[in-house]
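# Fold and contact review
Single-letter residue listing:
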Amino acid sequence: MHRRTFLRELVTAAALLALPTPSAAVRSQQRYLRPPGAAAEEDFAALCIRCGQCGQVCPNRCIEFFGAGNGAANIDTPYIVPREQACILCMKCGDACPTDALTAIPREAEAIIAGVRMGTARVDESLCLSYQGKTCGVCYRACPLQDVAIRAGRLEQPIVIAENCVGCGLCERSCIQMPQAIRIIPDHRRARRASAIEAST
Amino acid sequence: MNATQRPFRLRRHLNKLRWVSLSLVFAMLVLLPMIAVYQNYVAAHAYDLLSADEQRFYDLMERLTSPFAADPAEDLDAIKGTTWAGRFFGFKIGDPLSALGQVAASGTLYWPLLLSVLIPAVASLFLGRFFCGWICPASFLYELNTGLGVLLDRIGLRPGRRHLDRRLKYLVLAVGLGLSAATGTVLFAAIYPPAVVGRELYYAIALNGFGTGAVFFVATLLFDLLVARRGFCRYLCAGGALYSLLGRYRLLRIQRIPPACNDCTKCNVACEFGLDPMRDGFGQECNNCTACIAACPTDALEFKVAWRDQDYQGPGHLGRRYRHEHGVAEGEPTNDRENA
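Residues numbered from 1 in each chain as written. Chains lettered and ligands numbered in written order. Predicted model: local features only at pLDDT ≥ 70, side-chain atom pairs only at ≥ 80, totals over all residues.

## Thoughts on the overall build of chain B
What counts here: We count a stretch as a helix when DSSP gives it H or I for four or more residues in a row; a strand needs E for two or more, and each element gets its number in order from the N terminus. With C-beta atoms placed from the backbone, the exposure class of a residue follows from how many other C-beta atoms lie within 10 Å of its own: 20 or more, buried; 12 or fewer, exposed; in between, partly exposed. Each residue gets a C-beta atom placed from its backbone, and two residues are in contact if those atoms lie within 7 Å.
When you go through chain B residue by residue, the secondary structure sums to 18 helices and five strands. Projected onto its principal axes, the C-alpha positions of chain B cover 85 × 55 × 40 Å. The burial tally for chain B puts 41% of its 340 residues in the buried class. Residue pairs in contact within chain B that sit at least 24 positions apart in sequence constitute 72% of those at least 6 positions apart.

Below, the structure is given as structure tokens:
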């Protein structure tokens, strides 16, 4: 192959890789969480060096890695699907991360509530057993921030306290309904919240 | 045998030591994901729920690690990661290319990451591309791949021996940095073989099997077999380019001792990077792998402390005698590096 041909093909391949549109289209359709302490979604791909250490230290094996299915920009970046395996907030991944893609956050309730914002739990009352008159309360018991991020009402009806919910997904993982009556809505702008906290303190 | 009468020289055995180093690194990259799986099992407190195979695996890992770790869930976190970025007893260490790629992609400087690549970067200033020859887990597989090429050659399938331009990899480095900045992703993580190998081993052992990087890596193996021996390292590796640049004025380098050299060309054949040790042609590409030293039958190659290569020092002693006996003048280009 001539060098010129090779270079031309190299540039073409590079240009194809650089096209941002397909990844953006796919991204909006998928529901996934980033590990706790993650930077905002728009910065994540630029900060993560795809070393996989967050997954290696995760004792719960809830952190998985994207293949080609979520856009070229997200290949090999970590994600969590809580209904498969939820985060237990051990905070080891932020410790292991060599970059600022995941911030190290101490394993204390206040620090976690202030710094972690994977998403927010939302209850679908038409699916939730307790709201249908059959006392359940499983999600309330699964929550690591009981009475801080979730309250139990009459018949153990879950009431999410959105500003304290960190989105770990243990409630969604534990829900005995199928489809789940409580789910995490990902917060992909999360770092803005963290920086807002930094600015206010 | 002649070989038994030669005095023992340590430098002739450095190549074996290098293989030990490469094998150890690769073995660690296999062992660490296994440890991660074992830690998951420990954390789950569910030994009884494991399958018979998983229980055997658990028992094996317990036997292997119990001398080093009283509490597997915590103590075994001491060593994690890959050569791309890892943790060694609380000390983070990473590949300089990872930091460079992240700076280009994010446009920010994150000091803990830059500090973690400082030691490898400074070591490369003194030792050159030593990472490529002594540590890189992809080199380990590429060198085995070269061996496969030799076997294929023996049964009549000739591997590719094309020559491309060595400077191509600097272009890959530059274009990669530019594209990282343009797309906002750390592109090198996907096209840098040691990062890919470490990650794919982890995926295959601890997660759900090989990812997209495995396809890329197999393609590089085929490139080496079909196009050029060690072609990816020589022509396309962005990390190799970075280490070559860092090691341009390295202090430890291999040099030839002309009085001992007999111009037998064994060093040039041994050099997988296609360099020209016999005519003092090492350059910034040399990864100090010592294969040429091991191949030299007259111990005419050795490590020296110098910040640049010797210019061509002329033919070895047998070459001089040949010239003298056949009346060839000293300056005639019978042995010219440029014509090689």
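## Structural notes on the packing of helix H2 (residues 14-44) of chain B against helix H9 (residues 137-154) of chain B
Relative placement of two packed helices is described by the angle separating their axes and the distance separating the axes. Residue and element names in this part refer to chain B. Heads up, the condition is: Structural elements are reduced to axes, namely lines fitted to C-alpha atoms, with helices fitted over the stretch in contact, and the angle between N-to-C directions of any two is expressed from 0 to 180 degrees. What sets the label is the angle itself: under 35 degrees gives roughly parallel, over 145 gives roughly antiparallel, 65 to 115 gives roughly perpendicular, and the rest give oblique. Crossing handedness follows the turn of the near helix against the far one: under a right angle anticlockwise gives a left-handed crossing, and clockwise gives a right-handed one. Charged residues are taken to be Asp, Glu, Lys and Arg, nonpolar residues to be Ala, Val, Leu, Ile, Met, Phe, Trp, Tyr, Cys and Pro, and polar residues to be all remaining types, Gly included.
In the contact formed by H2 and H9, the axes pass within 8 Å of each other and the chain directions differ by 115 degrees. The orientation of H2 with respect to H9, classified from their angle, is roughly perpendicular. You can see that H2 and H9 cross each other, and the crossing is left-handed. Of the residues in H9, those touching H2 at Leu 22, Ser 23, Val 25, Phe 26 and Leu 29 are Pro 137, Ser 139 and Phe 140. Considering only residue class, the contact of H2 with H9 consists of six nonpolar, two polar and no charged.

## Topic: the environment of Cys267(B)
Tracing the sequence through the fold places Cys267(B) in helix H16 (residues 266-270). Considering only alpha carbons, one finds Cys267(B) and Ala294(B), 27 residues apart in sequence, at a separation of 8.4 Å.

## Considering the domain arrangement of chain B
How big an interface is tends to be expressed through the accessible area that disappears when the partners come together. All names here are of chain B. Rules: An automatic or database domain assignment provides the domain bounds reported here.
Once the domains are mapped, chain B shows domain 1 (7-31 + 82-249) and domain 2 (251-339). Here the C-alpha centroids of domain 1 and domain 2 sit 27 Å apart. Domain 1 puts 25 residues into the contact, and the matching count from domain 2 is 21 residues. Counting residues per element, the ones that place at least two in the side of domain 1 that touches domain 2 are H2, helix H7 (118-127), helix H8 (130-134), H9, helix H14 (231-236) and helix H15 (238-246). Looking at the side of domain 1 that touches domain 2 residue by residue, the class counts come to eight nonpolar, six polar and eleven charged.

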